[in-house]
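Listed here are the chains, written in short residue letters.
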Amino acid sequence: MLKNDLFLKALKGETVQRPPVWMMRQAGRYLPEFRALRDKYDFFTRCETPELAAEITVQPIRRIAPDAAILFSDILVVPRAMGIHVELKDNLGPIIPDPIRTMEQVNQVFVPDVNETLGYVFDAVKLTKEMLNDEVPLIGFAGSPWTIFCYAVEGKGSKSFDTAKGFCFSNPVAAHTLLQKITDTTILYLKEKVKSGVNAVQIFDSWGGMLSPVDYQEFSWKYINQIVEALAEVTPVIVFGKGCWFALGEMGKSKASALGVDWTCSARNARYLSGGNVTLQGNFDPSRLLSPIPTIKKMVHEMIDEFGKDKYIVNLGHGILPNIPVDHAKAFIDAVKEYGN
């Protein structure tokens, strides 16, 4: 039994004394112990070595003590498993040297045996569970099919992903074929993560906000919802779409246990748009962690007041930034723990 199950209670919509708190990218570059490992091992070595991934996952649990751990990994392990070559370059982000631009290339992408291609992730889950020793739940995650598609077609990060969008609109059959392959792989991958021991999963739709509401339904939500439908039977699912406030109504009708919101959507709007019944997660501006500590604590308490303590998980509106002082990150967590005292 978990010693701290606040996070799982919030996902079920149960009444809690205070909301749970964790931070996206909490296992990351703001921690000196993370940077020490980063300087010794390249990115995919860290992802693919279960001992390193597990150690990185538990670092923030020791240091700032959030109410949930999130497995250290990357959304791009999925396309790599599907035969898409991905490189990660420091300060440049992910690069796909041979981006997908034709139906012929789409046909070469395959739905893999996830145990063969991604077994290292499931080993990392098992090892992390041992190291956590039932202190807090463990979250597994994947990128949304649309977000993976964006990288695969664009070939790199982008401010607008015009090439990826253009491929959808000029070659919709190829686009939907690729999106379905990513979806099928993601379902297999997340189901195996649950079997290995994660307590919940989150789908990151980082680039969903690039699409119009109509195109979002066709090229992103349709595929995310397939994942939600397949996983909701076995685990709670959180959907986080950055810039996707316009889809909260549709998301709120789904089987998702919680919806993440970024800092551009107020608590009041998020509750209203999502239908008012689903647990919400977010939405502190990550840059706000550069504020003085007393300001951070005051703002966190105000945020909880706005969302309400129930059906709410305190989090940032996107990942923590690398330049955040550790004591500021800890102040964010502590402010939640002090709420109502």
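On a predicted model such as this, the values are computed, not experimentally measured, just so you know.

Student: Looking at this structure, I do not really get the sheet that holds strand β4 (residues 138-143). What am I missing?
Tutor: As a general point, the strands of a sheet are linked pairwise by backbone hydrogen bonds and lie either parallel or antiparallel. Taken together, seven strands build an open sheet; the order of strands is β1-β4-β5-β6-β7-β8-β9 and the sheet is parallel. A strand with exactly one partner marks an edge of an open sheet, and here the two such strands are β1 (69-70) and β9 (312-316). Helix-sheet contacts for helix α11 (residues 172-196) involve β4 and β5 (200-205), and the interaxial angle to β4 is about 170°.

Student: Help me understand the pattern of salt bridges, please; the structure alone is not making it clear to me.
Tutor: In a structure, side chains of opposite charge can pair up when their charged atoms sit close to one another. One pass over the structure, following the stated rule, counts 13 salt bridges. Put simply, R18 and D67 hold a salt bridge, and the shortest N to O gap is 2.8 Å. Taken together, the residues span a long stretch of sequence, with R18 in the loop between α1 (6-11) and α2 (32-40) and D67 in the loop between α4 (50-63) and β1 at a distance of 49 residues. D67 carries the same exposure label as R18, and that label is buried.

Student: Please explain unusual backbone geometry as it appears in this structure.
Tutor: What is expected of a backbone is that most residues other than glycine have negative phi and most peptide bonds are trans. Looking along the chain, the bond that leaves G282 and enters N283 is cis, with omega of -5°. Structurally, the position occupied by N283 is in strand β8 (residues 279-284). With phi around 50°, N133 is a residue other than glycine that occupies positive phi space. The backbone phi angle of K311 is positive, close to 50°, even though this residue is not glycine.

Student: For this particular structure, what's the right way to read the pairing of β4?
Tutor: In summary, the side chains of a regular strand alternate between the two faces of the sheet. The element β4 is extensively covered by neighbouring structure, given that six of its six residues are classed as buried. What you see with β4 is no split at all: L138, G140 and A142 on one side and I139, F141 and G143 on the other are buried throughout. Across two bridges, the pairing between β1 and β4 is parallel. Considered in β4, the bridge of I70 is made with I139.

Student: What should I look at first to understand α11 in this one?
Tutor: If you check α11, its first and last C-alpha atoms are 36 Å apart, about what 25 residues at 1.5 Å a residue would give, namely 36 Å. A positive phi of about 130° marks G197, the residue just after α11.

Student: Looking at this structure, I do not really get the UniProt feature "binding site: substrate" (unreviewed entry) in the protein. What am I missing?
Tutor: UniProt's entry tags R25, Q26, A27, G28, R29, F44, D74, Y151, S206 and H318 with the feature "binding site: substrate" (unreviewed entry), counted in the numbering of this structure. Taking the farthest pair of C-alpha atoms as the criterion, the annotated set spanning 294 residues is dispersed, since that pair is 23.0 Å apart. Locating Q26 in the fold gives a position in the loop between α1 and α2. Assessed through its relative accessible area of 0%, Q26 is described here as buried. Ignoring sequence-local partners within four residues, the contact set of Q26 consists of L31, P60, I61, P66, A68, A69, I70 and I320. Among the secondary structure elements, S206 is positioned in the loop between β5 and α12 (213-231). S206 has contacts with T147 and K242, leaving out every residue within four places of it along the chain.

Student: Please explain the UniProt feature "site: Transition state stabilizer" (unreviewed entry) in the protein as it appears in this structure.
Tutor: Within the UniProt annotation, "site: Transition state stabilizer" (unreviewed entry) is assigned to D74. Tracing the chain through its elements places D74 in the loop between β1 and α5 (77-81). For D74, the residues in contact, after removing those within four places along its chain, are F43, C47 and F141. A polar contact is formed between the side chain of D74 and the backbone nitrogen of L76, at a distance of 2.8 Å.

Calculation notes
Residues numbered from 1 in each chain as written. Predicted model: local features only at pLDDT ≥ 70, side-chain atom pairs only at ≥ 80, totals over all residues. Heavy atoms only, no water. Pairing = 2+ DSSP bridges. Helix = DSSP H or I, 4+ residues; strand = E, 2+ residues; numbered from the N terminus. Contact = heavy atoms within 4.5 Å. Axes fitted to C-alpha atoms, helices over the stretch in contact; angles between N-to-C directions. Salt bridge = Lys/Arg side-chain N within 4 Å of Asp/Glu carboxyl O. Buried < 20%, exposed > 50% of the residue type's maximum accessible area, 1.4 Å probe, protein only. Expected span 1.5 Å × (residues − 1). UniProt positions renumbered as here; feature names shortened; annotations may be inferred. Polar contact = N/O pair within 3.5 Å; in protein donor to acceptor, adjacent residues only side chain to side chain.

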